[in-house]
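Architecture at a glance
Below are the chains, spelled out letter by letter.
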Amino acid sequence: MKKGTTLKRILGYSGKHIKYIISAMIFAIIYVSLTLLAPVLVGQAIDKIVGENDVDFRGIANIILVLLFVIVGAGLFQWLMLMCTNMVSYLTVRDMRRDTFKKLNSVPLSYIDTTPHGDIINRVINDVDYVGDGLLQGITQLFSGIVTIVGTIIFMLALNVKITIVVVIITPLSVLVASLITRATNKMYREQSVTQGELSGFTEEFISNQKLVKSFAHENIAEKQFDEINARLKVCGQKAQFYSSLSNPSTRLVNGFVYTGVGIIGSISVINGNLSVGQVSCFLTYANQYTKPFNEVTGVIPQFQTALASAGRIFSIIDELDEKPDNPDAVNIQSCKGNIEIENISFSYAPEKELIKNFSLSVKSGQRIAIVGPTGCGKTTFINLLMRFYDVNSGEIKIDGININDMTRDSLRNLYGMVLQESWLYSGTIRENITYGKPDATDEEVIRAAKSAYIHNFISRLPDGYDTFISEQGGNLSQGQKQLLCIARVMLCNPPMLILDEATSSIDTRTEIRVQKAFDKIMQGKTSFIVAHRLSTIKEADMILVMKDGNILEQGNHNELLAKKGFYYNLYNSQFAGNN
Amino acid sequence: MGCGITLWKLRRFLKDYKLQLILGPLFKLIEAVFELIVPLVMADIIDNGAKKGDAAYVWRMGLVMAALGISGWCFAIICQKSASIASQGFGTKLRTELYKHINSLSHKEIDKFGTSSLITRMTNDINQLQLSVAMLIRLVTRSPFLIIGAVVMSTIINFRLAIVVYIATPFIAFVLYFIMTRSVPFFKMIQKKLDKTSLLTGENLSGNRVIRAFSKQKSENDKFYEATEDLAKISLRVGRLSALLNPLTYLIVQIAIIAIVWFSGGIVYTGSMTQGEVIALVNYMTQIYLAMAVLANLIVIFTKASASAIRVSEVFETEPSVKEYTKNPIEINPDAPKIEFKDVSFAYDGDYDLRNISFSVQKGQTVGIIGGTGSGKSTLINLIPRFYDVSKGEILIDGVNVKDYSFRQLRKQMGIVPQKSSLVSGTVKDNMLWGNKDATDNEIISALKTAQAWDFISKSENGINSVVNQGGKNFSGGQKQRLTIARAIVSKPQILILDDSSSALDFATEANLRRALNSNIEDTTKIIVSQRVSSIKNSDLIIVLDDGDMVGIGTHKELLENCETYREICSSQLSEKEASV
């Protein structure tokens with residue numbers, strides 16, 4: 001994206017708060033003018049204190065009265081300006097975050113599956129903050145800086161044109177020096193941030209795997225690797241820090257030259273009779289003041305660049321294409337019998353590698369379909385298609401005779417209850433997690449669901465019962481407990497169809513019997529798809545789909561498939577091979 | 001600031017940089033002195049040059065000023081150089097030591113801190129401390145010197161007028177201190193709210209399938225809206241407070257200047273002061289204000305740094321609960337059982353999680369451990385490599401108490417495959433070399449074959465040089481488990497521990513794995529923790545755990561006869577026919 005358009009879009013966001021922006025600008029003009037006026041008034045007051053027996057007290061009193069108004073006004077308007085810019089910046093940050101987050105819930109799932117999550121989080125949190133800090137605070141600094149420069153030039157011109165021209169011409173030198181240093185140090189900075197990133201990456205990976213490091217007694221090797229990166233960081237860190245810290249003293253040196261130059265030219269002018277001593281001292285003050293906003297403005301520029309780059313990253317998420325919207329005449333299905341017709345579907349994640357080809361299947365209401373196959377055979381692909389996480393490339397899937405592409409996605413997904421291989425819980429209470437699909441459920445319903453998932457006893461033993469807080473990713477629960485909660489969550493909604501993805505693989509064996517019973521109960525009369533590992537589940541299924549390498553190899557019931565003596569036959573026999 | 005003590009504790013990391021710590025501030029001080037001299041030279045130019053019409057004098061003194069500027073620049077450079085050497089060196093040393101210390105901590109302490117918190121301490125906190133050292137060197141002498149210098153100069157010019165300066169200075173200090181201390185708690189709240197939005201984003205990403213399955217996109221958006229609304233509100237509140245800082249200090253300084261001008265009128269009238277001195281006083285007031293603002297920023301940086309220092313020291317002060325006591329030389333008893341538990345009990349804290357466990361395993365035997373969730377299976381095996389220490393009883397390996405081995409001696413003879421399979425970024429080969437850094441490609445391939453991982457590795461284009469992404473994300477759960485098993489086998493362990501690490505494998509692959517383990521590494525003592533009876537039923541010894549107690553021990557056949565819990569487990573998983581085999 002071009003810098004210009006990025007900037008325009010950020011301004012578009014802030015544009016919603018245009019009244020604050022305009023107010024901020026007006027307040028800035030008033031506040032800067034008043035701050036410039038104050039020293040002039042002080043100077044005039046001092047001019048009235050000429051010497052012994054020569055002080056104009058009434059004159060001083062009058063000026064001081066005006067001065068009081070000026071400084072109170074300056075303070076007040078500065079405060080108002082800051083309040084307005086805060087408003088703009090925080091509200092813009094909020095809106096940008098919201099839009100980015102909202103986008104995450106409307107992009108095709110493939111975007112979320114293929115983009116590193118850490119990267120997205122970094123954009124939503126840090127990049128948005130950089131835009132807020134850099135760009136919006138920067139704009140006010142830039143604006144008041146420019147107003148100060150323009151104001152000072154006007155005041156100086158009123159005093160003496162020649163010296164003004166000297167000041168105006170020499171001062172940008174300091175900006176030039178600063179930008180030269182910045183450009184020269186850019187490379188070192190990049191090197192430093194790359195090395196810093198490398199070290200953070202290493203730290204993150206190895207500290208997360210600390211237990212692994214210990215079990216392999218790998219500490220010494222890890223420390224050596226760490227020290228190597230750390231040593232490199234030290235070298236380039238010292239370089240980058242030193243060279244970039246040159247810019248402050250260097251600009252001060254240039255400013256010092258300007259000050260000296262004004263002093264010399266001013267004094268020579270006094271000798272030639274072109275200027276008064278008082279005017280020279282006034283010029284010296286302004287020469288000092290004039291360089292300050294330049295330094296501030298140059299300081300804002302790198303912040304600006306960071307902000308623009310961050311904004312670019314944020315907009316690249318916001319610009320992602322949405323999931324294809326529901327058809328305008330899509331039906332909102334409330335319930336279904338559960339007859340599924342899969343007609344000649346084909347699907348692939350990437351065009352060059354076709355996964356499912358011309359597959360058809362007819363499932364009657366209440367049937368159980370077991371999906372079987374070796375690890376990594378692509379069982380989840382099938383589920384992705386059923387729930388329209390991904391769309392088929394050709395062919396159609398119908399529920400009770402209606403093409404699922406003609407239903408709203410939300411209503412289609414509500415027809416299924418899903419328990420995934422990796423149980424997802426969010427940080428919140430146990431109750432909130434169970435009622436996720438049905439927030440208005442009564443306590444009795446929640447307890448009933450928990451009881452049928454055999455997790456009620458465990459929950460009631462906890463000190464806070466159903467109000468126990470589950471930390472991030474359900475950290476304080478065991479795998480089995482997490483899965484049971486996910487089952488309870490589905491049981492509460494009681495959807496007409498089920499998708500169970502290796503649901504029982506890590507629940508301990510004794511609970512498993514009970515869960516199995518509960519599942520049998522909940523599956524009664526419901527069309528169910530089970531990614532199955534257990535032989536009994538497979539045997540009891542009305543239909544078994546055997547998958548390998550993403551393809552559906554065979555379909556039929558247990559006896560039919562055994563008779564075929566194909567892949568399933570081998571799979572089945574190999575299970576007993578280990579026991580002989 | 002009382003937390004300064006914590007900062008002080010970290011001073012040992014600066015001891016190599018004493019020279020820089022003295023030179024940096026010293027040269028900065030000299031530069032500040034020059035800065036104070038420049039206006040005096042300028043006054044001299046005007047009084048003795050301009051007013052007396054001596055152009056040559058103007059030029060001469062102008063050159064002096066330029067020379068002052070250039071030498072000031074040189075001094076500043078020396079200071080900056082010292083600051084960068086000392087601060088970066090300090091940070092580097094701190095990182096090295098902290099990482100070493102984290103490596104010495106045992107599982108208990110790592111669990112207590114949490115990995116994400118340790119990572120922040122390693123990165124953000126140390127960067128913050130590094131910055132504070134740089135600032136210390138650059139600014140710690142300059143600002144106070146300018147303030148004190150200005151106060152002293154005003155006193156010399158006129159004692160009575162200097163009273164205005166005496167009053168105004170603490171006022172400015174108070175406003176700075178008040179606003180800053182008031183906003184610190186808000187900044188903490190903001191950080192918390194920001195963490196919350198980050199948490200929500202992370203959850204939304206990891207649970208996107210579930211969210212869509214329940215059609216909860218809208219309510220997730222609403223939740224996030226609320227969190228960002230909170231964040232914006234708190235930010236605005238603290239913004240209102242900190243927006244007061246500049247206007248208030250500006251007002252105080254200007255009022256002080258007005259007071260100086262007003263009172264000086266009377267003093268000048270009586271003839272005890274000149275007009276030029278009034279100007280000087282006004283300038284000194286402005287200088288105090290500017291120096292104060294810098295000082296305030298310094299205080300903010302140090303407040304943040306002391307919070308970081310506390311977090312870093314906390315890690316340093318945590319002692320590993322499992323300590324290495326090497327009693328060399330160790331005398332291995334060749335006739336003793338390979339592993340022996342003698343009346344072992346263990347508690348994480350409070351109640352016992354394992355009670356009175358005793359058993360022994362001979363070399364080359366396979367042991368199966370089975371039991372429900374939370375029955376103590378993982379806890380039991382974590383005691384063998386001393387990830388935790390027993391609370392009572394003892395564990396012997398080759399007849400020697402595990403506490404008498406060095407960590408390296410003890411852990412190097414084991415291959416441990418954890419429940420959660422984790423791979424590090426690099427290549428498959430890099431990961432395999434963790435087990436044994438001198439392993440040949442052939443050894444690696446044979447380990448991959450035993451672990452049933454060779455079929456998919458050999459199929460990939462780069463074979464054992466295939467890239468592994470962080471956390472092994474480019475492999476499926478089952479593939480990751482097989483790779484971690486292979487990694488453990490590469491180390492040719494005397495004891496192989498599989499902690500429920502074949503759960504994602506299908507029956508056929510698991511059966512092949514079991515057979516390969518039995519025939520390819522028969523001398524290795526194997527401990528297999530599992531939820532599945534089929535994984536352990538052919539073991540030489542099966543231990544049944546229930547809620548921390550060992551409720552059964554023996555072979556499959558024996559346990560079927562005399563262990564109720566085991567029978568229950570079997571009947572839930574196996575058909576009658578399978579169970580009786």
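Criteria and thresholds
- Residues numbered from 1 in each chain as written.
- Chains lettered and ligands numbered in written order.
- Predicted model: local features only at pLDDT ≥ 70, side-chain atom pairs only at ≥ 80, totals over all residues.
- Helix = DSSP H or I, 4+ residues; strand = E, 2+ residues; numbered from the N terminus.
- Rg over C-alpha atoms; globule rule 2.2 N^0.38 Å.
- Buried ≥ 20, exposed ≤ 12 C-beta atoms within 10 Å, placed from the backbone.
- Contact = placed C-beta atoms within 7 Å.
- Domains from an automatic or database assignment.
- Expected span 1.5 Å × (residues − 1).
- Bend = angle between axes of the 7 residues up to and from the residue.
- Nonpolar A, V, L, I, M, F, W, Y, C, P; charged D, E, K, R; others polar.
- Pairing = 2+ DSSP bridges.
- Axes fitted to C-alpha atoms, helices over the stretch in contact; angles between N-to-C directions.
- pLDDT = per-residue confidence, 0-100.
- Core = buried A, V, L, I, M, F, W, Y, C linked by C-beta atoms within 7 Å.
- Parallel < 35°, antiparallel > 145°, perpendicular 65-115°, else oblique.
- Left-handed = near helix turned anticlockwise from the far one by under 90°.

This part takes up the overall build of chain B. Along the backbone of chain B there are 22 helices and 12 strands. In terms of C-alpha radius of gyration, chain B reaches 36 Å, well past the compact-globule figure of 25 Å for 581 residues. Seen along its three principal axes, the alpha-carbon backbone of chain B occupies a region of about 120 × 55 × 50 Å. Split into buried and exposed, the 581 residues of chain B put 44% on the buried side. Long-range pairs, those at least 24 residues apart, make up 77% of the contacts in chain B with a sequence separation of at least 6.

Here the focus is the overall build of chain A. When you go through chain A residue by residue, the secondary structure sums to 21 helices and 14 strands. Computed over its C-alpha atoms, the radius of gyration of chain A comes to 36 Å, more than 25% above the 25 Å expected for a compact globule of 580 residues. Dimensions of chain A along its principal axes, counting C-alpha atoms only, are 120 × 55 × 50 Å. Taking all 580 residues of chain A together, the buried fraction comes to 43%. In chain A, the proportion of contacts linking residues at least 24 apart, taken out of those at least 6 apart, comes to 78%.

What follows is about the domain arrangement of chain A. By a widespread convention, an interface's size corresponds to the accessible area lost as its parts come together. Split by domain assignment, chain A resolves into domain 1 (161–274) and domain 2 (424–494). Averaged C-alpha coordinates put domain 1 of chain A and domain 2 of chain A at centres separated by 53 Å.

Moving on, we get to helix 10 (residues 245–270) of chain B. Each turn of an α-helix holds 3.6 residues, which means side chains three or four residues apart point in the same direction. Residue and element names in this part refer to chain B. Helix length check: helix 10 (26 residues) gives 38 Å between terminal C-alpha atoms against 38 Å at 1.5 Å per residue, within 8%. Considering bend angle alone, the principal kink of helix 10 is centred on Ser264 and spans about 30°. Two residues or fewer past helix 10, Gly271 is found with a positive phi of approximately 90°.

Attention now moves to the environment of A:Gly51. Tracing the backbone through its elements, the reader meets A:Gly51 in strand 1 (residues 49–51). Owing to 12 C-beta atoms within 10 Å, A:Gly51 belongs among the exposed residues under this scheme. Other than its neighbours up to four places away in sequence, A:Gly51 contacts B:Val268, B:Thr274 and B:Gln275.

The next thing to look at is the interface of chain A and chain B. Contact with chain A, which involves 121 residues of that partner, is made by 130 residues of chain B. For the side of chain A that touches chain B, the element with the most residues is helix 3 (residues 57–104) of chain A, which contributes 23 residues. A class-by-class count of the residues in the side of chain A that touches chain B yields 61 nonpolar, 41 polar and 19 charged.

This brings us to the sheet that holds strand 4 (residues 356–363) of chain A. All names here are of chain A. In space, the four strands of this open sheet follow the order 4-3-6-7, with antiparallel pairing throughout. Unpaired on one side and paired on the other, strand 4 and strand 7 (402–403) mark the two borders of the sheet. Pairing analysis gives five bridges linking strand 3 (residues 340–347) to strand 6 (residues 394–399), with the strands arranged antiparallel. In the strand pairing of strand 6, Ile340 is matched with Ile399. Here helix 12 (residues 379–386) sits on the sheet in contact with strand 3, strand 4 and strand 6, set at roughly 115° to strand 3.

Glancing now at the confidence of the model for chain A. In this model, chain A carries a mean pLDDT of 82, and residues with pLDDT of at least 70 account for 91%. Note on residues 576–580 of chain A: pLDDT is under 50 here. Beyond four places in sequence and across chains, it has six contacts.

Within a sheet, neighbouring strands are paired by backbone hydrogen bonds and run either parallel or antiparallel to one another. All names here are of chain A. Spatially, the six strands line up as an open sheet ordered 8-11-12-5-13-14, and their pairing is mixed. Sheet topology places strand 8 (416–419) and strand 14 (551–556) at the edges, where each strand pairs with a single neighbour. Each strand axis lies, on average, 15° off the axis of its neighbour in the sheet, ignoring direction. As paired elements, strand 5 (residues 368–372) and strand 13 (residues 543–548) share four bridges and run parallel to each other. In the sheet register, Ala370 faces strand 13, and the bridge partner there is Ile544. Helix 12 rests against strand 5, strand 11 (497–501), strand 12 (527–531) and strand 13 of the sheet, and its axis sits at about 155° to strand 11.

We now examine unusual backbone geometry. Unlike most non-glycine residues, B:Asp343 shows phi in positive territory, near 50°. Tracing the sequence through the fold places B:Asp343 in strand 1 (residues 339–346).

On to the pairing of strand 3 of chain A, then. Sheet analysis places strand 3 of chain A next to strand 4 of chain A, joined by five bridges and oriented antiparallel. Looking at strand 4 of chain A, one finds that A:Ile342 is bridged to A:Leu361.

All right, on to the nonpolar core then. The biggest cluster of nonpolar side chains holds 101 residues, and the ones touching the most others in it are B:Ala486 and B:Ile497. Broken down by element, this core gets its largest block of residues, 11 residues, from helix 3 (residues 55–104) of chain B. Not counting residues within four places of it along the chain, the set of residues in contact with B:Ile497 comprises B:Ile381, B:Ile384, B:Met414, B:Gly415, B:Ile416, B:Val417 and B:Ile527. By size, the runner-up hydrophobic cluster in this structure holds 80 residues, among which are A:Ala38, A:Ala74, A:Ala311 and B:Ile258.

This brings us to the confidence of the model for chain B. Summing up the model confidence of chain B, the mean pLDDT is 85 and the portion of residues at 70 or higher is 97%. In the model output, the complex is listed with pTM 0.71 alongside ipTM 0.78.

Take the pairing of strand 1 of chain B next. Residues and elements named next belong to chain B. Sheet topology note: the strand 1/strand 2 (residues 354–361) ladder contains five bridges and is antiparallel. By the bridge assignment for strand 2, Ile339 is matched with Val361. Bridge count between strand 1 and strand 4 (residues 392–397): five bridges; the pairing is antiparallel. Looking at strand 4, one finds that Ser345 is bridged to Lys392.

All names here are of chain A. Direction vectors running N to C along helix 7 (residues 172–208) and helix 9 (residues 219–244) enclose 155°, while the axes themselves pass 9 Å from each other. In terms of their interaxial angle, helix 7 and helix 9 are classed as roughly antiparallel. Seen along the crossing, helix 7 lies across helix 9 with a hand that is left-handed. Split into classes, the residues belonging to the contact of helix 7 with helix 9 amount to 13 nonpolar, eight polar and four charged.

Take the environment of B:Gly265 next. Here B:Gly265 shows up in helix 10. For B:Gly265, a count of 22 C-beta atoms within 10 Å gives the class buried. B:Gly265 sits 13 residues away from B:Val278 along the chain, and the two C-alpha atoms are 9.1 Å apart. Beyond its immediate sequence surroundings of up to four residues, B:Gly265 is in contact with A:Ile49, A:Val55, A:Phe57 and A:Ile60.

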